[in-house]
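Overview (structure and organization)
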Amino acid sequence: LMALLVAPAAAHPKSAAWLSRATTTKEVKKVKSALDLAPRSKSASEVTATAPAVSTHQAALMLRGGADATEMTCIGMAAIYSFFGVTLAANPSWFWGPKSIFSYWTEMDESGVWFGRCVGIWMAAVTTSPWTVGMDMASLIKIYLPLNAVLMVLFLQAAFSLKTTGPAPQNVLPFNMWYTQLPIAAGLLALNAKAVMG
């Protein structure tokens, strides 16, 4: 029994000294218990086996201490377009139509309401997908980039060219509401391009 305890005791100098003085079975049992309870460092393989799986993207964020352009693009798109998406899906005319105090359209027939609801559902579903279904953000920003580029052009058209975008007389702001979307769209496009280009 003493021979079996000598090897592990070598890793614990104080225990080894104690073991050399242990002459009775009772003392040997005390030594064995002390060795069993002594803390030991985990090996590299044990640490690796118990560590949670972390993606390369998550690891980069952990090292940087915050969100990068990819995550910020997805957060920005979700913040803007899920909000508009939910309201469009619920009631486009009431929220943004001719009688709204935030009127984006001074004319909206049933076809506009129908298309507004369809677009709103897509907006909300896609932009919240990283959190609802685990959509990969690195892939999503590549989808967003051409969309944001085209939306920038369409927003410019709505702000400066179309005749049905106001401002409506009852608007809370005395100018075309699409003006407010131009800096937001430009910022999202720039952030999106930075994220894709790395």
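Every residue gets a number counted from 1 within its own chain, in the order that chain's sequence is written. Only residues with pLDDT of 70 or above have their local features reported here, since the model is predicted, and side-chain atom pairs are shown and tallied only from 80 upward, although totals for entire chains, interfaces and linings are computed over all residues. Side-chain calculation: all heavy atoms of the structure are included, whereas hydrogens and water are not.

1. Section: the packing of helix α6 (residues 69–90) against helix α11 (residues 181–197)
For any two helices packed against each other, the geometry is given by the interaxial angle and the distance between the axes. Quick note on the threshold: To get an axis, fit a line to the C-alpha atoms, keeping to the stretch in contact for a helix; angles then go from 0 to 180 degrees between the N-to-C directions. Labels follow the DSSP assignment, with helices taken as runs of H or I lasting at least four residues and strands as runs of E lasting at least two, numbered in each case from the N terminus. Oblique is the label for any angle not under 35 degrees, not over 145, and not in the 65 to 115 range, which are roughly parallel, roughly antiparallel and roughly perpendicular in turn. The hand of a helix crossing depends on one turn: near helix anticlockwise from the far one by less than a right angle means left-handed, and clockwise means right-handed. Contacts are assigned to residue pairs with any non-hydrogen atoms lying within 4.5 Å of each other.
Where α6 meets α11, the closest approach of the two axes is 8 Å, and the angle between their N-to-C directions is 150°. Compared by their axis directions, α6 and α11 come out roughly antiparallel. Every pair of crossing elements has a handedness; the one defined by α6 and α11 is left-handed. Taken together, the residues of α11 that come into contact with α6 (itself represented by Ala-69, Thr-70, Met-72, Thr-73, Gly-76, Met-77, Ile-80, Tyr-81 and Phe-84) are Gln-181, Ile-184, Leu-188, Leu-191, Asn-192, Lys-194 and Ala-195.

2. Digging into the environment of Thr-70
To keep it simple, the criterion reads: Each residue is assigned to one of three classes by its accessible area relative to the maximum for its type, calculated with a 1.4 Å probe on protein chains only: buried under 20%, partly exposed between the two thresholds, exposed over 50%.
Along the chain, Thr-70 turns up in helix α6. Since its relative accessible area comes to 10%, Thr-70 is described here as buried.

3. Considering the packing of aromatic side chains
Defined as follows: Only Phe, Tyr and Trp rings are paired, with Trp represented by its six-membered ring, and only when their centres lie within 6.5 Å; those with planes under 30 degrees apart are stacked, over 60 edge-to-face, the remainder tilted.
By the definition in use, this model includes 13 aromatic pairs. Relative to Trp-178, the ring of Phe-155 has its centre 5.2 Å away and its plane inclined at 45°; by these criteria the two rings are tilted. Placement of Phe-155 in helix α10 (residues 137–160) and of Trp-178 in the loop between α10 and α11 is noted, with a sequence separation of 23 residues between them. Judged by relative accessible area, which is 11%, Trp-178 ranks as buried.

4. Some details on α10
We count it as follows: Given a helix with a known number of residues, its expected span is that number minus one, times 1.5 Å. Throughout, the bend at a residue refers to the angle made by two axes, fitted to the seven residues ending there and to the seven starting there.
Taking 1.5 Å as the rise per residue, α10 with 24 residues should run 34 Å; its terminal C-alpha atoms sit 33 Å apart, in good agreement. Along its length, α10 reaches its greatest deviation from straightness, about 30°, at Tyr-144, and the proline Pro-146 lies no more than four positions downstream. In this structure, the buried side of α10 is in contact with α6, α8 (110–127), α9 (129–132) and α11.

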